[in-house]
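Structural description and commentary
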Amino acid sequence: MKQVFILRGLPGSGKSHYARQLAKELVDEIESRFVILSTDDYFESETGYHFDKYKLSEFHNLNLARFIKALSSEIELVILDNTNIRKWEFIAYAEAAHALKYQVKEVVVGDVKDKAMQHLYYQRNVHKVPLKMINKMAYQFEW
């Protein structure tokens, strides 16, 4: 069965960890090919992670193209590892997956609204997203 998991959650909530664990569990079970795709991949270089807000739109488009290519290659398990705070941020991914006959599951990782958890996510997010931004993202989160 071809599956897409669309992960959603605040920076530091454990989306990437969840993605790796999910792939390990499902790949062992169905012995399939898989890919985990994140727009953050485009901000990585040999010298580390360098976020550039001016590149964000371009990199989201590149990630979507890479996602569609993975679906077109009929990779059985495709995991989207982005924050996906608002529904419009991932609707194109979901529509492409449905069009190519993938089962789509949306997974919210972590507790978005809990202020104490937002502080924990701030402390452990690897991309140094400021607490104010995490709070803002939590406020903007669309269910």
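Preceding this section is the structure that the text describes.
Every value quoted in this text rests on a predicted model; they were computed, and no experiment measured them.

So, how was this worked out
- Residues numbered from 1 in each chain as written.
- Predicted model: local features only at pLDDT ≥ 70, side-chain atom pairs only at ≥ 80, totals over all residues.
- Heavy atoms only, no water.
- Buried < 20%, exposed > 50% of the residue type's maximum accessible area, 1.4 Å probe, protein only.
- Helix = DSSP H or I, 4+ residues; strand = E, 2+ residues; numbered from the N terminus.
- Pairing = 2+ DSSP bridges.
- Arc of directions from axis to C-beta.
- Contact = heavy atoms within 4.5 Å.
- Core = buried A, V, L, I, M, F, W, Y, C linked by side-chain atoms within 4.5 Å.
- Axes fitted to C-alpha atoms, helices over the stretch in contact; angles between N-to-C directions.
- Parallel < 35°, antiparallel > 145°, perpendicular 65-115°, else oblique.
- Left-handed = near helix turned anticlockwise from the far one by under 90°.
- Nonpolar A, V, L, I, M, F, W, Y, C, P; charged D, E, K, R; others polar.
- Lys, Arg positive; Asp, Glu negative; His and termini not counted.
- Salt bridge = Lys/Arg side-chain N within 4 Å of Asp/Glu carboxyl O.
- Polar contact = N/O pair within 3.5 Å; in protein donor to acceptor, adjacent residues only side chain to side chain.

1. Here we look at the pairing of strand S5 (residues 77-81)
Side chains on a regular strand alternate between the two faces of the sheet. Along S5, 5 of the 5 residues are buried, which leaves the element largely enclosed by surrounding structure. Burial of S5 is two-sided: the residues Leu77, Ile79 and Asp81 facing one way and the residues Val78 and Leu80 facing the other way are all buried. When strand S1 (residues 3-8) meets S5, the two strands line up parallel, connected through 5 bridges. Each bridged residue has a counterpart across the sheet, and for Val4 the counterpart in S5 is Val78. Bridging between strand S2 (residues 34-37) and S5 involves 4 bridges; their strand directions are parallel. Following the sheet pairing, Val35 is matched in S5 by Val78.

2. Structural notes on helix H3 (residues 91-99)
Within H3, the full set of buried residues consists of Tyr93, Ala94, Ala96 and Ala97. In an axial view of H3, the angular spread of the buried residues amounts to 165°, which keeps them on one side of the axis. Close packing links the buried residues of H3 with S1, helix H2 (56-72), S5 and strand S6 (103-108). At the exit of H3 stands Lys101, carrying a positive phi of roughly 65°.

3. A look at the nonpolar core
Ranked by size, the top nonpolar core spans 16 residues in total, and within it Val4, Ile6, Phe67, Leu71, Val78 and Tyr93 carry the most contacts. Listing elements by their share of this core, those giving two or more residues are S1, H2, S5 and H3. Beyond its immediate sequence surroundings of up to four residues, Leu71 is in contact with Val4, Val78, Ala96, Ala97, Leu100 and Tyr102.

4. A short note on the packing of H2 against H3
With their axes 10 Å apart at the nearest point, H2 and H3 run at an angle of 15° to one another. In terms of orientation, H2 lies roughly parallel with respect to H3. The handedness of the crossing between H2 and H3 is right-handed. The residues of H3 that touch H2, namely those facing His60, Asn63, Leu64, Phe67, Ile68 and Leu71, are Ala92, Tyr93, Ala96 and Ala97. By residue class, the composition of the contact of H2 with H3 is 8 nonpolar, 2 polar and no charged.

5. Regarding the side chain of Asp81
Along the chain, the position of Asp81 falls in strand S5. Although Asp81 is buried, it forms no salt bridge, and the closest oppositely charged side chain is Lys15 at an N-O distance of 5.1 Å. Polar side-chain contacts of Asp81 include one of 2.6 Å to the side chain of Ser16. Ignoring sequence-local partners within four residues, the contact set of Asp81 consists of Leu7, Lys15, Ser16, Ile36, Leu37 and Ser38.

6. Quick look at the sheet that holds S6
Spatially, the 4 strands line up as an open sheet ordered S2-S5-S1-S6, and their pairing is parallel. Unpaired on one side and paired on the other, S2 and S6 mark the two borders of the sheet. Neighbour to neighbour, the strand axes of the sheet diverge by 15° on average, direction disregarded. The sheet contact formed by S1 and S6 spans 6 bridges and is parallel. The partner of Ile6 across the bridge, within S6, is Glu106. Against the sheet, H2 touches S1, S2 and S5, its axis set at about 170° to S2.

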